[in-house]
Amino acid sequence: MSDTTAGGGDGSPSRPRWDLERYEVVGETPPPPTEDDDAPPPQFARKGRPENADYVSDGVDLFWKTLRMTFYTILTAGLYRFWMITALRRHYWSGIKIQGDPLEYTGRGIEKILGFLLALVILAIYLGLTNVALTFVGLSVAGDDPYLQNAALSVTILATMPLIYFAEYRGMRYLLSRTKWRGIRFGLGPGSWGYTRRAILLSILTVLTAGLAYPYQHFKLVKFMTDRSWFGDQQFHQDGKWWELFASWIWIYIAAGFIGLAIWGMSLASETRGLGMDIVVGIVIYFVAIIALYFTILRYRYAAFKVFWSNRRLGNDVIFDCDLDVKNVVNVYISGTILIGFVATVIAGMATAVVALIGLNTDAVNLETLAGESGDPGAVFDQLIALGPTILAIALSYLLVFALISAMTQVFLTHRILLRKVKSVEISNPRALSMSRQRAHDEASEAGGFADALGVDLGAGV
């Protein structure tokens, strides 16, 4: 779908609008209202006809597609991963529908790999210069003290922290710039350095408060990014209060506190009374607290999604609400993880049995010869040839396990959770979306390459 229609009578290009009854581009966009026109509709309010977004996707197709692309990624030593991420995003985007029309992802794999290579060059230069400077300053201050020298060398790790936040913002900017609905682009305005600066200061606050300020940090960073996001020429706004996240976060804090108490108690008991029941009780408390921490982190993750989308709007007329069943989503995540673990264990066991059957030549292998102790290179080569079928069987079997885990993760976790997320979001006055005008194309030249290089890539981004 093109972004412009035939020009007007004066030869100037005109922007399309969507006929919501026929879902096609028609005519010219009407001019904006003037003071002589009828009064505009009232400001946003949580009234009117809410309409759920929908998600329709074929899980079987997703499974085989992911399985095939994972093998391609393995065979290309990871290079195909950029095309795999692009294909997954297109699959998920096409399944998310608003008023019957799907989202569209227009990113390309070649963009991502070129952006990744560009980011690697920039990161190598930046980290090289920064680490040399920090090391020189640190060792100058530390003098001959070995403890201060080690601490000074550790400080160089901090050079990557600003880049991680920078990469997060740039990755989201690329993702939105390649997302469309009814031909209208989404976008994220400039602000990567402002986001980085705020993230660093808020992270320091979180550390100083022993983690209690994290909900405040989370809310402020999401609000900063949301308030700079657009659909066409309509801007998103994040409302709500940060303390709405605190009710879910406090349970993470409590679980982490029990872990700390268990470790402290076991350490104290071992010093005073040696090994005994106190240590056993401490170990039980420790592992129970670890499991509780896992559950509370999951709960906070999806509770935060509900809070944010229950307090989000687009312009003054489009209001979002969310009734996500957090407990249900957590149960889906847990059951999916258990299922994937069980299937992976069974497949791994079968792979081990296959290796045992195929590895018939292992009896002829002399480990001393293989280690080169005989001094005969030809003998070593012969031993490697004897191990060939076994090595191949091991590689193929466990690569199959890895590919199956990747495919099942997409189907039983990402796919099922996305279904619940999308269906939980309600849009009041969705027809107001048709008032959005096309926004300029954002090149986003590094295509999220910094996020790829630093390991904070959004992946499928859902």
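Rules and cut-offs
Residues numbered from 1 in each chain as written. Predicted model: local features only at pLDDT ≥ 70, side-chain atom pairs only at ≥ 80, totals over all residues. Heavy atoms only, no water. Helix = DSSP H or I, 4+ residues; strand = E, 2+ residues; numbered from the N terminus. Contact = heavy atoms within 4.5 Å. Areas by Shrake-Rupley, 256 points an atom, 1.4 Å probe, with all protein chains shown as cover. Buried < 20%, exposed > 50% of the residue type's maximum accessible area, 1.4 Å probe, protein only. Polar contact = N/O pair within 3.5 Å; in protein donor to acceptor, adjacent residues only side chain to side chain. Axes fitted to C-alpha atoms, helices over the stretch in contact; angles between N-to-C directions. Parallel < 35°, antiparallel > 145°, perpendicular 65-115°, else oblique. Nonpolar A, V, L, I, M, F, W, Y, C, P; charged D, E, K, R; others polar. Core = buried A, V, L, I, M, F, W, Y, C linked by side-chain atoms within 4.5 Å. Pairing = 2+ DSSP bridges.

K.L.:
Would you take a moment to explain the overall build of the chain for this structure?
P.N.:
Tallying secondary structure elements over the chain gives 13 helices and 13 strands in all. Across the chain, the fraction of contacts at a sequence separation of at least 24, relative to all contacts at a separation of at least 6, is 74%. Of the roughly 25,300 Å² that the chain leaves accessible, carbon and sulfur atoms contribute 66%.

K.L.:
Explanation requested: the side chain of serine 248 in the structure shown.
P.N.:
Along the polypeptide, serine 248 turns up in helix α8 (residues 246-272). Judged by its relative accessible area of 10%, serine 248 is buried. A distance of 3.3 Å separates polar atoms of two side chains, one belonging to serine 248 and the other to arginine 299. Sequence-distant contacts of serine 248, that is, excluding residues within four places in its chain, are made with Arg299, Tyr300 and Ala303.

K.L.:
Would you mind going over the packing of helix α6 (residues 192-208) against helix α7 (residues 214-226) with me for this structure?
P.N.:
The description of two packed helices rests on the angle between their axes and on the distance between the axes. Remark: α6 packs on α7, axes separated minimally by 9 Å, with the N-to-C direction vectors making an angle of 170 degrees. When the axes of α6 and α7 are compared, the pair comes out roughly antiparallel. Listed contacts from α7 to Gly194, Tyr195, Arg198, Ala199, Leu202, Ser203, Leu205 and Thr206 of α6 are Tyr214, Tyr216, Gln217, Lys220, Leu221, Phe224 and Met225. Partitioned by chemical class, the residues of the contact of α6 with α7 number nine nonpolar, four polar and two charged.

K.L.:
Before we go on, may I ask you to explain unusual backbone geometry in this structure?
P.N.:
With the exception of glycine, the majority of residues adopt a negative phi angle, and the majority of peptide bonds are in the trans configuration. Backbone geometry places glutamine 99, a non-glycine residue, at a positive phi of 55 degrees. Within the fold, glutamine 99 resides in the loop between β5 (96-98) and β6 (101-105). For glutamine 99, a relative accessible area of 14% puts it in the buried group.

K.L.:
Any chance you could explain the nonpolar core here in plain terms?
P.N.:
Where a protein is soluble and globular, its nonpolar side chains tend to be buried together. Ranked by size, the top nonpolar core spans 63 residues in total, and within it Tyr92, Phe231 and Tyr302 carry the most contacts. If one sorts the elements of this core by residue count, helix α12 (residues 377-424) sits on top with nine residues. Discounting residues that sit within four places of it in the chain, tyrosine 92 has contacts with Tyr55, Leu62, Gln410, Thr414, His415, Leu418, Ala460 and Val462.

K.L.:
Where do I start with the pairing of strand β8 (residues 184-188) in this structure?
P.N.:
The two faces of a sheet get side chains in turn, since along a regular strand they alternate between them. With five of five residues buried, β8 lies mostly within the body of the structure. Both faces of β8 are covered, namely the face carrying Ile184, Phe186 and Leu188 and the face carrying Arg185 and Gly187. As defined by bridge partners, strand β7 (residues 179-181) adjoins β8 across two bridges and the pair is classed as antiparallel. Within β8, the position partnered with lysine 180 by the bridge is arginine 185. Hairpin connection from β7 to β8: two residues lie between these consecutive antiparallel strands, with arginine 182 at a positive phi of about 55 degrees.

Note that every value here comes from positions in space, so none of it alone points to a role or purpose.
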